[in-house]
Amino acid sequence: MPVPLLDLTRQHTPLEDEFKAVFERVFKSNAFVLGPDVKALEEEIASYCDCSHAVGLSSGTDALLVALMALGIGPGDEVLCPSFTFFGTAGSIARLGAVPVWVDVLPDTFNIDLADAIDKVTDKTKAIMPVHLYGQSAEMECVQAFARKFGVKIIEDVAQAIGATYGGRKVGSFGDFGALSFYPTKNLGGFGDGGMLVTNDAELAEKAVWLRNHGMNPKYYHKYIGGNFRLDSLQAALLRVKLPHLESYHTARRANAEAYTERLAGHSGVLCPRIIPKAQSVWNQYTLRILDGKRDAFREFLSDRGIGNDIYYPLGLHDQECFQGIGRGGESLTVTPMLAKEVVSIPCFPEMTVDEREEVLKAVWDFGYAK
Ligand SMILES: *Cc1c(COP(=O)(O)O)cnc(C)c1O
């Protein structure tokens, strides 16, 4: 039985009538950019993320970019970010002429290694960007202590972790900004691109609102050099249909992840992700480490059986062609290159059936990881 890595049809079919009604409503309103649905989604997401403000944006990448712009980060400034993450995290730093400083990650949680961050902080460091990779919070109390000690800002990359908690509090609410993505494969996936910033700082929120619309306030008077980073009304209206179901999606992902860990932990040659005591993951991905150089063979084995899988990410950002001569600190990284060769994500989507989950487990055992 083939098992996809993600099946959005199963998620969307039960809500199809609601989506169609929303389309009809926005279609007739002729208000297609920002507008009441964006405002309503901002309020709902701010509240969901334990934040007082939210600003709807065109993508998660643009959310990171606008956060850096609002914090005044520019040429010569250094921003600490993990090298083991999606391109958008560091691309936003480099696009502003700032320097991404590559920080290693921890081998069991895949999140930023603060001991390495301490080694790389300088008087040019302006911010740290923890990424809550695969849906699990970074150690945010330590990130906050770090930021206080060195006087730097925190931008949380929440693209994969909307709804995840640390010490019972939602991620995105710990930093100066949290950047969300509504890309279709994220836990709250839209129907195209979309993103949002959340913050508890009213002034920063206001600055982000201006920046997303060409730095304009009032109309045709430009206080900042912003851009077009606006969110569409239709996108916001459709996301509002899905938001009330988000917790149930998380619960279903968690059940899959817990079953995997329970039945795979302790098998030699394969390592399950570790969840830190204070965190509750939303499991955007369930990611195994396959040891002994067998990752690619394992992947092929899964693919031959029709079991969806993917590698997030096959190359550390410090090793990417576009960042040669741009970033700093890449030479010392050891965990990132190792993980790039060992990780593989397996199906964990909310609508997966128990039979499908068993099929995935059986494939892992059949490859040679039976106890
Ligand atoms: C998806 C993602 C982004 C970018 O979000 P987009 O909405 O695709 O621009 C940034 N960081 C991480 C970690 C992501 O997974």
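As recorded in an unreviewed UniProt entry, the protein chain goes by the name DegT/DnrJ/EryC1/StrS family aminotransferase, listed as coming from Oceanipulchritudo coccoides. UniProt, in the comment section headed Sequence similarities (unreviewed entry), describes the protein chain in these words: "Belongs to the DegT/DnrJ/EryC1 family."

Here we take up the sheet that holds strand 7 (residues 169-170). Overall, antiparallel pairing links the three strands, which are arranged 7-6-11 in an open sheet. For this open sheet the edge positions go to strand 7 and strand 11 (279-280), each flanked by a neighbour on one side alone. Across two bridges, strand 6 (residues 165-166) lies against strand 7 in antiparallel orientation. Within the sheet, the bridge partner assigned to Thr-165 lies in strand 7 and is Lys-170.

This part covers the sheet that holds strand 1 (residues 53-57). Here seven strands make up an open sheet; going across it, the order is 1-9-8-5-4-2-3 and the pairing mixed. Looking along the sheet, the strands with just one partner apiece sit at the ends: strand 1 and strand 3 (99-103). Pairs of neighbouring strands in the sheet enclose a mean axial angle of 25 degrees, with direction left out of account. Where strand 1 meets strand 9 (residues 195-199), five bridges bridge the pair, whose relative direction is antiparallel. Across the sheet, residue His-53 finds its bridge partner in strand 9, namely Thr-199.

Here the focus is helix 11 (residues 295-304). By the burial criterion, the buried members of helix 11 are Arg-295, Phe-298 and Leu-302. Down the axis of helix 11, the sector holding all buried residues measures 65 degrees, keeping them to one side. Facing away from the buried surface of helix 11 by more than 90 degrees, the exposed residues are Glu-300 and Asp-304. Two residues or fewer after helix 11 comes Gly-306, characterised by a positive phi angle close to 80 degrees.

This brings us to the state of the cysteines. Taken as a whole and assessed by the stated rule, the structure comprises zero disulfides. Cys-81 takes part in no disulfide bond, and the closest cysteine sulfur, belonging to Cys-322, lies 12 Å away.

Glancing now at the site of the ligand. In the vicinity of the ligand, 15 residues are found, and the nearest of them are Gly-60, Thr-61, Asp-157, Ser-181 and Lys-186. Note that a nitrogen atom of the ligand is positioned 2.7 Å from one of the side-chain N or O atoms of Asp-157. In this structure, Lys-186 approaches the ligand through a side-chain N or O atom, which is 2.7 Å from an oxygen atom. Against a free-state accessible area of 380 Å², the protein chains account for coverage of 92% of the ligand. Counted by class, the shell around the ligand contains five nonpolar, eight polar and two charged residues.

Glancing now at the UniProt feature "modified residue: N6-(pyridoxal phosphate)lysine" (unreviewed entry) in the protein chain. Within this numbering scheme, the UniProt entry marks Lys-186 as carrying the feature "modified residue: N6-(pyridoxal phosphate)lysine" (unreviewed entry). One can find Lys-186 in the loop between strand 8 (177-181) and strand 9. Residue class for Lys-186 comes out buried when judged on its relative accessible area of 14%. Residue contacts for Lys-186: discarding those within four places in its chain leaves Ala-159, Gln-160, Ser-181 and Asn-284.

Bringing the domain arrangement of the protein chain into the picture now. Interfaces are often sized by the amount of accessible area the parts lose when they come together. What the domain assignment lists for the protein chain is domain 1 (8-104 + 112-244) and domain 2 (246-366). Taken over C-alpha atoms, the centre of domain 1 sits 24 Å from the centre of domain 2. Taken together, the contacts link 48 residues of domain 1 with 43 residues of domain 2. Interface area, domain 1 with domain 2, both sides summed: about 3,600 Å², of which 54% is carbon and sulfur. The largest contributions to the domain 1 side of the interface with domain 2 come from Phe-84, Trp-102 and Tyr-134, which together make up 21% of the buried area. In this assembly, domain 1 and domain 2 are joined by three salt bridges. At the boundary of domain 1 with domain 2, the tally comes to 34 residue pairs in polar contact (both at pLDDT 80 or more). If you list the elements that add at least two residues to the side of domain 1 that touches domain 2, you get helix 1 (8-12), strand 2 (78-82), helix 5 (87-95), strand 3, helix 6 (114-120) and strand 6. The class makeup of the residues in the side of domain 1 that touches domain 2 is 23 nonpolar, 15 polar and ten charged.

What follows covers the pairing of strand 4 (residues 125-128). Successive residues of a regular strand alternate their side chains across the two faces of the sheet. Sheet topology places strand 2 next to strand 4; three bridges connect them, and they run parallel. Of the residues in strand 4, the one forming a bridge with Leu-80 is Ile-128. The pairing of strand 4 with strand 5 (residues 153-157) spans two bridges and is parallel. By the bridge assignment for strand 5, Ala-127 is matched with Lys-153.

Calculation rules
Residues numbered from 1 in each chain as written. Predicted model: local features only at pLDDT ≥ 70, side-chain atom pairs only at ≥ 80, totals over all residues. Heavy atoms only, no water. UniProt positions renumbered as here; feature names shortened; annotations may be inferred. Pairing = 2+ DSSP bridges. Helix = DSSP H or I, 4+ residues; strand = E, 2+ residues; numbered from the N terminus. Axes fitted to C-alpha atoms, helices over the stretch in contact; angles between N-to-C directions. Buried < 20%, exposed > 50% of the residue type's maximum accessible area, 1.4 Å probe, protein only. Arc of directions from axis to C-beta. Disulfide = S-S within 2.5 Å. Near = heavy atom within 4 Å. Polar contact = N/O pair within 3.5 Å; in protein donor to acceptor, adjacent residues only side chain to side chain. Areas by Shrake-Rupley, 256 points an atom, 1.4 Å probe, with all protein chains shown as cover. Nonpolar A, V, L, I, M, F, W, Y, C, P; charged D, E, K, R; others polar. Contact = heavy atoms within 4.5 Å. Domains from an automatic or database assignment. Buried area = accessible area lost by both parts, 1.4 Å probe. Salt bridge = Lys/Arg side-chain N within 4 Å of Asp/Glu carboxyl O.

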